[in-house]
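Tertiary structure, described
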Amino acid sequence: MRTQRQVVDYSLQKRALLRDLHNGRVGTLEVCDASPYLKNAARFHGEPTEDRCPVCRRDNLTLVHYIYGDELKQSAGQARKLAELPVLAMTLREFQVFVVEVCQSCSWNHLTEQFLLGRDALDADEPGRDAAAAGSTSHRWEGRR
């Protein structure tokens, strides 16, 4: 997505957690604890993947995209389909997206990434915006000399 920025990837954290699980330092019940709300969000709003669950290996994982932001008001915290995000990104100034992977079989869930979306990134990319700002700044300083 064009306006995606400030991406945080949690794959190293996931790898460490799975290593601890396979080494017996963490129990399966501790990592397979998806709430019924998360599993329903995965069922109705999730995006299926080709990746097998790293714990049970029975089902493919589903990605759920949760959105948060001041402009969302009562819609904050809702799960949205991936196809809805570009439309929201062109409508709203800025909102945060959290992507969670979920296994419907064993209830594995893990935050995979988070990022910002919104029109603010487009405003910063407008040609001439920086030049106009720089020109007005230099003009102000010239007047003070």
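Only a predicted model underlies this, so the values are computations on that prediction, with no experimental measurement involved.

**Considering the packing of aromatic side chains**
- Per the counting criterion, the structure on display carries 1 aromatic pair.
- Here the aromatic rings of Tyr68 and Phe98 are separated by 5.6 Å at their centres, their planes lie at 85°, and the arrangement is edge-to-face. Taken as a pair, Tyr68 in strand β3 (residues 60–68) and Phe98 in strand β5 (residues 95–102) lie far apart in primary sequence, 30 residues in all.

**Considering the nonpolar core**
- Counting residues in hydrophobic clusters, the biggest one holds 11 residues: Ile67, Leu72, Leu85, Leu88, Ala89, Leu92, Phe95, Val97, Val99, Phe115 and Leu117.
- For this core, the elements supplying multiple residues, two or more each, are α4 (84–91), β5 and β6 (109–117).
- Once residues lying within four places of it in the same chain are set aside, the contact partners of Phe95 are Ile67, Tyr68, Gly69, Leu72, Leu85, Leu88, Ala89, Phe115, Leu116, Leu117 and Gly118.
- Judged by nonpolar contacts, the second largest core, of 10 residues, contains Leu21, Val26, Val31 and Leu61.

**Concerning unusual backbone geometry**
- Although it is not a glycine, Gln6 adopts a positive phi angle of roughly 50°.
- In this fold, Gln6 is placed in strand β1 (residues 5–9).
- Its identity as a non-glycine residue notwithstanding, Lys73 has a phi of 50°, on the positive side.
- When its relative accessible area of 62% is taken as the criterion, Lys73 is described as exposed.

**Regarding the confidence of the model for the chain**
- Of the residues in the chain, 81% have a pLDDT of 70 or more, and the chain-wide mean is 85.
- For residues 128–145, every residue scores under 50 in pLDDT, and the model assigns this stretch 3 contacts once sequence neighbours within four places are set aside.

Conventions we followed
- Residues numbered from 1 in each chain as written.
- Predicted model: local features only at pLDDT ≥ 70, side-chain atom pairs only at ≥ 80, totals over all residues.
- Heavy atoms only, no water.
- Phe/Tyr/Trp six-rings, centres within 6.5 Å; stacked < 30°, edge-to-face > 60°.
- Helix = DSSP H or I, 4+ residues; strand = E, 2+ residues; numbered from the N terminus.
- Core = buried A, V, L, I, M, F, W, Y, C linked by side-chain atoms within 4.5 Å.
- Buried < 20%, exposed > 50% of the residue type's maximum accessible area, 1.4 Å probe, protein only.
- Contact = heavy atoms within 4.5 Å.
- pLDDT = per-residue confidence, 0-100.

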